Amino acid sequence: MKLISKGTLFFSKKLFIFPLVLFGLSAIASGSSIAAKETNGNFSQMPNTPTRLENGVEIEAKEPMELSNISQGITAPNPVGKNYLVPPGGKRPSPGIAIGHKQDVREHIELGNFSEAITQLERDWEKNYENYFDRNLSEVTTLGDEIGDALALMGRKTGKNPALIYMIPQSDRLEVVLVTPDGEFMHHSVPDANRAALVDLIAELRGEITNPIKRNSTSYLSAAQGLYNWAIAPLESKLKEQNIATLIFCVGGGLRSLPFAALHDGDKFLVENYSIGLIPAFNMIDVETNPLTSSDVLAMGASIFQELNPLPAVPVELNTIANQLFNGEIFLNRAFTLDNLRSQLQQGQYAIVHLATHADFLPGKPHNSYIQFWDEKLFLDAMNQIRFEDSSVGLLVLSACNTALGNVEAEMGFAGLAIHSGVPSALASLWYVSDAGTLALMSEFYATLRTSVESDRSIIKAEALRQAQLALIQGKVRLKEGELLTERGEEVPLPPELHEAESDNLSHPYYWAGFTMIGVPW
């Protein structure tokens, strides 16, 4: 048994603690909590938007509500800042909970029953996504105490140890649970990070990153460090001890549009230390998915649109990916149709489908969100009709998409993109990135994947994204005299419309932090 400083308690499924000892330790543990450093930023960029469950779906609520089994109308007791160590199957008496009552996630956490809490949370969030997409998305239920075994298996398979971080926003605090490959759970509760404060700080971070007049500043650091201190800092020692290389985030409403890569420890961005992935629920990914081994890519997109802004770098982007870095087929502008997509998936053995076009994850039902093709929109609710799961596609890339900030439904569309589309993994952006910035990141991402395939290193997708992001952060990719200078020494000519972009500071998180690996990160 280990007692972590700053009020964080470590729980191992291998422990057995007698009730008398447990009672004494719970008393010791009750007094402290983790608080982020203060920030003085403007939090007025968006209103507080707490969420609630209605018909199984998280939606905005006028009044904050607890994370509980809403159908039973029960709110758990709230001993803020208290964490407890409990042996497997152990129970700590909780006043106010009736005998025979089905405990919810919050109650399980307060009792220290972390395996049961994660099992219930997985079921709840899976149901939310299934109600949002109006379809069954998973036939498998992974128990909380089985997740560590799955993480260990993938660590052995890929050579990169993954850890799973659950972030559960509440009206009065943030609950964070870390699951490691050896099946251990680490939990901390952050009273300062109530849902309203989280929403505000995430809005500040995204606002500072995407503000065009601040792309040569570090104005985002205050919010980036505050969020890091709340969510990651208490876990640092355990992550280092377990040699964790990949962080998989499974988070609640309001947090799914957070650019995790941009969180900052005061010295480095989170992505400088870890590759990062976002999942809707662990139950909803296929842990048996293999890393990419094929070099075939279907590259499609449009540079001009009837009603949307042009994307002048798309022809260069597609040519770089499908002709120079990978083997593939290109379908540009008028050839960029749904019929051609379906036809190519039936005929080819593509490992990757790359769509360089506008895509928007919007509030409301999935039918409101879309991917723009040449002559029509592919709405999110129809993505599963493409039948990616019947093909060999292991990765879907959307290089120019946007997600509505702070809206639970838009976030569910983004985080659920891979599972709903029928692909193991999807790479998409949280906000529109400049054409030149997108070209820079995508060229590095595919170059890393190509090196992996050619050398049979089987680099995981999230690590390939990380390497691309590092190339931008470290200034190894830059724009000069109308060309993109890559880390490999290549000079990629830019279209005339982008010659003025050479002053862009590609190391700023606007250009790289929004790109997120969704679903299976390996």
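This one's a predicted model, so the numbers in the text were calculated from it and none came from an experiment. (Residues numbered from 1 in each chain as written. Predicted model: local features only at pLDDT ≥ 70, side-chain atom pairs only at ≥ 80, totals over all residues. Heavy atoms only, no water.)

(A) Representation of the overall build of the protein within the structure. Counting secondary structure elements, the protein contains 13 helices and 19 strands. By residue count, 62% of the 522 residues in the protein fall in the buried class. Long-range pairs, those at least 24 residues apart, make up 76% of the contacts in the protein between residues at least 6 apart in sequence. Accessible surface, the protein: about 19,800 Å² in total, of which carbon and sulfur atoms supply 48%. (Helix = DSSP H or I, 4+ residues; strand = E, 2+ residues; numbered from the N terminus. Buried < 20%, exposed > 50% of the residue type's maximum accessible area, 1.4 Å probe, protein only. Contact = heavy atoms within 4.5 Å. Areas by Shrake-Rupley, 256 points an atom, 1.4 Å probe, with all protein chains shown as cover.)

(B) Region of interest: the pattern of salt bridges. The tally for this structure, following the rule as stated, stands at 14 salt bridges. One salt bridge in this structure joins Arg 173 and Glu 110, with 2.7 Å as the shortest N-O distance. Residue Arg 173 is found in the loop between strand S4 (161–169) and strand S5 (174–179), and its partner Glu 110 is found in helix H2 (residues 105–111); the two are separated by 63 residues along the sequence. Across this residue pair, the class does not change: Arg 173 and Glu 110 are buried. The shortest N-O distance in the salt bridge between Glu 490 and Arg 488 comes to 2.8 Å. In this structure, a network of salt bridges that share partners links the residues Arg 106, Glu 110, Asp 172, Arg 173 and Glu 175. (Salt bridge = Lys/Arg side-chain N within 4 Å of Asp/Glu carboxyl O.)

(C) Region of interest: the sheet that holds strand S16 (residues 478–480). Strand order in the open sheet made by the 3 strands is S16-S17-S18, with antiparallel pairing throughout. Of all the strands in the sheet, just S16 and strand S18 (491–493) have a single pairing partner and so form its edges. Each adjacent strand pair in this sheet contributes to an overall mean axis angle of 30 degrees, direction not counted. Note: S16 against strand S17 (residues 483–485), 3 bridges, orientation antiparallel. Residue Arg 478 lies in a different strand from S17, and its bridge partner there is Leu 485. (Pairing = 2+ DSSP bridges. Axes fitted to C-alpha atoms, helices over the stretch in contact; angles between N-to-C directions.)

(D) Looking closely at the packing of aromatic side chains. Inspection of every chain in the model, using the stated rule, returns 9 aromatic pairs. Between Tyr 510 and Tyr 511, the aromatic rings sit 4.7 Å apart at their centres with planes inclined by 75 degrees, giving edge-to-face as the arrangement. The buried category is assigned to Tyr 510, whose relative accessible area is 6%. Using a relative accessible area of 2% as the deciding quantity, one classes Tyr 511 as buried. Lying across the ring of Trp 125, Arg 256 places its NZ or CZ 5.7 Å from the centre. For the cation-ring pair, Lys 377 lies above Tyr 370, with the distance from its terminal atom to the ring centre recorded as 4.9 Å. (Phe/Tyr/Trp six-rings, centres within 6.5 Å; stacked < 30°, edge-to-face > 60°. Lys NZ or Arg CZ within 6 Å of the ring centre and 35° of its normal.)

(E) Examining the environment of Leu 298 more closely. With respect to the helices, strands and loops of the structure, Leu 298 is situated in strand S9 (residues 296–301). Note on Leu 298: relative accessible area 0%, which makes it buried. Once residues within four sequence positions are removed from consideration, Leu 298 is found in contact with Glu 329, Phe 331, Leu 341, Gln 344, Tyr 350, Ile 352, Val 353 and His 354.

(F) The arrangement of the side chain of Gln 469 in detail. Within the fold, Gln 469 resides in helix H13 (residues 461–473). A polar contact is formed between the side chain of Gln 469 and the backbone oxygen of Trp 512, at a distance of 2.9 Å. Every residue in contact with Gln 469, bar those within four places of it in the chain, is listed here: Ala 261, Val 271, Leu 441, Trp 512, Ala 513 and Phe 515. (Polar contact = N/O pair within 3.5 Å; in protein donor to acceptor, adjacent residues only side chain to side chain.)

(G) View of the side chain of Glu 411. As for its position among the elements, Glu 411 is in helix H10 (residues 408–415). We note that Glu 411 is buried and unpaired, the nearest opposite charge coming from Arg 256 at a distance of 4.8 Å. When near neighbours in sequence (up to four residues on either side) are disregarded, Glu 411 contacts Gly 253, Gly 254, Leu 255, Arg 256, Ser 257, Thr 403 and Gly 406. (Lys, Arg positive; Asp, Glu negative; His and termini not counted.)

(H) Representation of the nonpolar core in the model. Grouped together as the largest cluster of nonpolar side chains are 163 residues, with contacts concentrated most on Tyr 166 and Phe 249. In terms of residue count, helix H12 (residues 435–455) provides more of this core than any other element does, 9 residues in total. In this view, Phe 249 contacts Ile 165, Met 167, Ile 232, Phe 260, Leu 270, Ile 276, Gly 277, Leu 278 and Ile 279; residues no more than four positions away in its chain are not counted. (Core = buried A, V, L, I, M, F, W, Y, C linked by side-chain atoms within 4.5 Å.)

(I) Summary view of the packing of helix H3 (residues 114–133) against helix H4 (residues 144–158). Where H3 meets H4, the axes come as close as 7 Å, and the angle between the chain directions of the two elements is 85 degrees. Taken as axis vectors, H3 and H4 run roughly perpendicular relative to one another. Counting all contacts with H3, which are made through Ser 115, Ile 118 and Thr 119, the residues of H4 involved are Gly 144, Asp 145 and Ile 147. Class assignment of the residues belonging to the contact of H3 with H4 gives a composition of 2 nonpolar, 3 polar and 1 charged. (Parallel < 35°, antiparallel > 145°, perpendicular 65-115°, else oblique. Nonpolar A, V, L, I, M, F, W, Y, C, P; charged D, E, K, R; others polar.)

(J) Structural detail: the pairing of strand S8 (residues 275–278). Of the two faces of S8, the one carrying Ser 275 and Gly 277 and the one carrying Ile 276 and Leu 278 are both buried. Here 4 bridges tie strand S7 (residues 244–251) to S8, and the two strands are oriented parallel to one another. Paired with Leu 247 across the two strands is Ile 276, which belongs to S8.

(K) Structural detail: the environment of His 188. Note on placement: His 188 falls in strand S6 (residues 185–190). C-alpha of His 188 to C-alpha of Glu 175: the two residues are 13 residues apart in sequence and 6.2 Å apart in space. Here Trp 230 takes part through its backbone oxygen, which lies 2.9 Å from a polar atom of the side chain of His 188.

(L) Layout of unusual backbone geometry. The backbone phi angle of Asp 134 is positive, close to 60 degrees, even though this residue is not glycine. As for its position among the elements, Asp 134 is in the loop between H3 and H4. Residue Asp 134 is classed as exposed on the basis of its relative accessible area of 70%. We note that Arg 387 has phi near 65 degrees; this positive angle belongs to a residue other than glycine. Summarising the element assignment, Arg 387 is placed in the loop between strand S13 (377–379) and strand S14 (395–403).

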